[in-house]
Amino acid sequence: MLTTKVGLHIPAGLAFEEWERAGRQLSGLLNSSSWWLGDWLVYGKDHYADRYERGIRAAGLQYQTLRNYAWVSRRFELHRRRSALSFQHHAELASMPVDDQETWLDRAERMKWSTKQLRNAIRARRQLTPQETRTGAATRQLAVPDNRLQWWHKAAAQAGTELGEWVTATLDAAAARVLQEAERQPPSE
């Protein structure tokens, strides 16, 4: 394949596996470029405060887009970025405190959430009652048979996490899937 400034030349008869691999590579470049541009702008602002706007104009990109990239890049130092998650995953969490960012990044990575699933899980968490929000995590009791509890402990250990965190992440993922499917359903008459 040949990339140009205005398109991608794909040879006739390209095998599916090659086409699929190219898609993964292009997706990786797109995700990485958001980080690259954000880091580039942060560096420019930090080192060329008097001239960096000229550099932005020379790049030919929308100023607001670059500002968003820079904002996310500043909120996630290089060592905190998760390569298994997209730039957009990080952008969803950028306004949160660092500890909350880490918690949500862990969940999204472990549960292999899409950006939309992460957004839905965050939205579901925010819909807690004001009392639960003020006091932090609410305590609930649930009767669970011993054999199921042992099974869940084993799954949590396999995932490398505590049972409570594993249960919460699993339920968040299930809720996000159900709510996402519900959004796709046409309204009943």
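The shown structure was predicted, so the numbers you read here are calculated from the model rather than taken from an experiment.

Visitor: Please clarify how unusual backbone geometry should be interpreted in this entry.
Guide: With the exception of glycine, the majority of residues adopt a negative phi angle, and the majority of peptide bonds are in the trans configuration. The phi dihedral of Lys112 falls on the positive side, at around 55°, and the residue is not glycine. If you trace the backbone, Lys112 turns up in the loop between α5 (98-111) and α6 (115-126).

Visitor: What exactly am I supposed to notice about the side chain of Arg80 here?
Guide: By secondary structure assignment, the location of Arg80 is in the loop between α3 (63-75) and α4 (87-93). On the basis of relative accessible area, Arg80 is assigned to the buried category, the value being 12%. Within the structure, Arg80 has its side chain in polar contact with the side chain of Glu102 (distance 2.7 Å). When neighbours within four sequence positions are excluded, Arg80 is seen to be in contact with Arg75, His90, Val98, Gln101, Glu102 and Leu105.

Visitor: I would appreciate a short explanation of the environment of Arg51 in the present structure.
Guide: Inspection of the secondary structure puts Arg51 in the loop between α1 (16-47) and α2 (52-59). Separated by 49 residues in sequence, Arg51 and Leu2 have C-alpha atoms that sit 35 Å apart.

Visitor: Just to check I follow, could you spell out the packing of helix α8 (residues 146-159) against helix α9 (residues 163-184) for this structure?
Guide: Angle between the axes and distance between the axes: these two values describe a pair of packed helices. Interaxial distance between α8 and α9 falls to 9 Å at its minimum, and their mutual angle equals 90°. Put simply, α8 runs roughly perpendicular to α9. Along the contact surface, α8 presents Leu149, Trp152, His153, Ala155, Ala156 and Ala159, while α9 presents Leu163, Trp166 and Val167. A per-class count over the contact of α8 with α9 returns eight nonpolar, one polar and no charged.

Visitor: Can you help me understand the packing of α1 against α2 in this one?
Guide: In contact at an axis separation of 9 Å, α1 and α2 are set at 150° when each is read in the N-to-C sense. With respect to their mutual orientation, α1 and α2 come out roughly antiparallel. Where α1 approaches α2, its residues Trp40, Leu41, Gly44 and Lys45 are matched on the opposing element by Tyr52, Gly55, Ile56 and Ala59. Residues that form the contact of α1 with α2 fall into these classes: five nonpolar, two polar and one charged.

The rules we used
- Residues numbered from 1 in each chain as written.
- Predicted model: local features only at pLDDT ≥ 70, side-chain atom pairs only at ≥ 80, totals over all residues.
- Heavy atoms only, no water.
- Helix = DSSP H or I, 4+ residues; strand = E, 2+ residues; numbered from the N terminus.
- Buried < 20%, exposed > 50% of the residue type's maximum accessible area, 1.4 Å probe, protein only.
- Polar contact = N/O pair within 3.5 Å; in protein donor to acceptor, adjacent residues only side chain to side chain.
- Contact = heavy atoms within 4.5 Å.
- Axes fitted to C-alpha atoms, helices over the stretch in contact; angles between N-to-C directions.
- Parallel < 35°, antiparallel > 145°, perpendicular 65-115°, else oblique.
- Nonpolar A, V, L, I, M, F, W, Y, C, P; charged D, E, K, R; others polar.

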